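Here's the letter readout for the chains.
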Amino acid sequence: MDQSAPTLPATLREARHAARLSQLELSLRLGVSQRHVSFVESGRARPSRGLLLSWLREIKTPLAVANSAMVQAGFAPVFGEAKPDDKALAQARSALSQLLTTHDPMPAFVLNADWDVVEINGGGLWLASVLMPELLAENAGQGLNMLDALIHPSGPLSRQINLAEAAPNMLAHLRHDMMMRPSLAPKVNALTQAISERLGPTFRLRDATSVHAPLPPVMTNRFQTPLGTLSFFNMFTTFGTPQDITLASLRVEHLFAADEATATIIRNHARTDLAVSA
């Protein structure tokens, strides 16, 4: 038996921490004692199949992690994992494409759990050509991974003028993803290092925001480009009740102009006939 393989107690502890729930809060939701939750998380007790399914639902565990937990407990996996081009996902793919088209000329793209760009609309491809033309040229005909793009010296962070302000939130989001998908760790660590090197040795992520300073309603990312300063805030769209691992991993990132100057540049320059699938 692989001694380094994750165990059920470790998986459940990490998933609860990611959900930011205490053992007491979880026990109240499940209708069991805190002592029993503690015993399961320490490996001194094993949950029934019904309790484990309820447990995983309450902490909103990603479907792939839920399947792993079921196998670790000695049960069969619950959720399927269709291939991206499976006919069963045709309706979902159509919905995603409709979202991208409707959002044009504002940028939007579909990401999977590994942060691969699965599909991108015309506005998104235009923005990529403005923010990282060298990187696009290097990857011509290949798929684009957004984490790789952020790490790359010629990626979008090379043009971001408020990186010190935006980095803490971005990395906190990525660390949360990493807890649920440990394979992201090398790229998240590399991005953290790249940001620290770009901002200088005196920068500390924890110092980027002050508890005394009011936070804006949404975080804005600002980029200096040949067309002028572009400012965006973003929003993610996911499927509400996915029952398939592939479907659950997909999310649409919509970018919105944060000021009229950005909206004007997009109206004047963005082409909406460039939409492609990776």
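Right above here is the structure, for reference.
Residues numbered from 1 in each chain as written. Predicted model: local features only at pLDDT ≥ 70, side-chain atom pairs only at ≥ 80, totals over all residues. Heavy atoms only, no water.

1. Notes on the overall build of the protein
The helix and strand tally for the protein stands at 13 helices and 6 strands. Counting every position in the protein, which comprises 278 residues, the buried fraction comes to 41%. Here the analysis covers contacts within the protein between residues at least 6 apart in sequence; of these, 63% occur between residues at least 24 apart. Taken as a whole, the protein presents about 15200 Å² of accessible surface, with 55% of it coming from carbon and sulfur. (Helix = DSSP H or I, 4+ residues; strand = E, 2+ residues; numbered from the N terminus. Buried < 20%, exposed > 50% of the residue type's maximum accessible area, 1.4 Å probe, protein only. Contact = heavy atoms within 4.5 Å. Areas by Shrake-Rupley, 256 points an atom, 1.4 Å probe, with all protein chains shown as cover.)

2. Some thoughts on the pattern of salt bridges
Under the criterion given, the structure shown has 6 salt bridges. For Arg 251, the salt bridge identified is with Asp 177, shortest N-O distance 2.7 Å. Taken together, the positions of Arg 251 in strand S5 (residues 251-257) and Asp 177 in helix H10 (residues 163-180) put the pair 74 residues apart, joining distant regions of the chain. Accessibility assignment for this pair places Arg 251 and Asp 177 in one class, buried. (Salt bridge = Lys/Arg side-chain N within 4 Å of Asp/Glu carboxyl O.)

3. Description of the packing of helix H4 (residues 49-58) against helix H5 (residues 63-72)
Between H4 and H5, whose axes approach to 11 Å, the crossing angle comes to 155°. In terms of their interaxial angle, H4 and H5 are classed as roughly antiparallel. For H4 against H5, the interelement crossing comes out right-handed. Residues Arg 49, Leu 52, Leu 53 and Leu 56 of H4 touch H5, and the partners they reach there are Ala 66, Ala 69 and Met 70. Split into classes, the residues belonging to the contact of H4 with H5 amount to 6 nonpolar, no polar and 1 charged. (Axes fitted to C-alpha atoms, helices over the stretch in contact; angles between N-to-C directions. Parallel < 35°, antiparallel > 145°, perpendicular 65-115°, else oblique. Left-handed = near helix turned anticlockwise from the far one by under 90°. Nonpolar A, V, L, I, M, F, W, Y, C, P; charged D, E, K, R; others polar.)

4. Some remarks on the pairing of strand S1 (residues 108-111)
Neither face of S1 is left uncovered, since the one carrying Ala 108 and Val 110 and the one carrying Phe 109 and Leu 111 both have all their residues buried. Summarising the sheet, S1 and S5 pair through 4 bridges and their orientation is antiparallel. The partner of Leu 111 across the bridge, within S5, is Arg 251. In this structure, S1 lies alongside strand S2 (residues 117-120), joined through 3 bridges in antiparallel fashion. (Pairing = 2+ DSSP bridges.)

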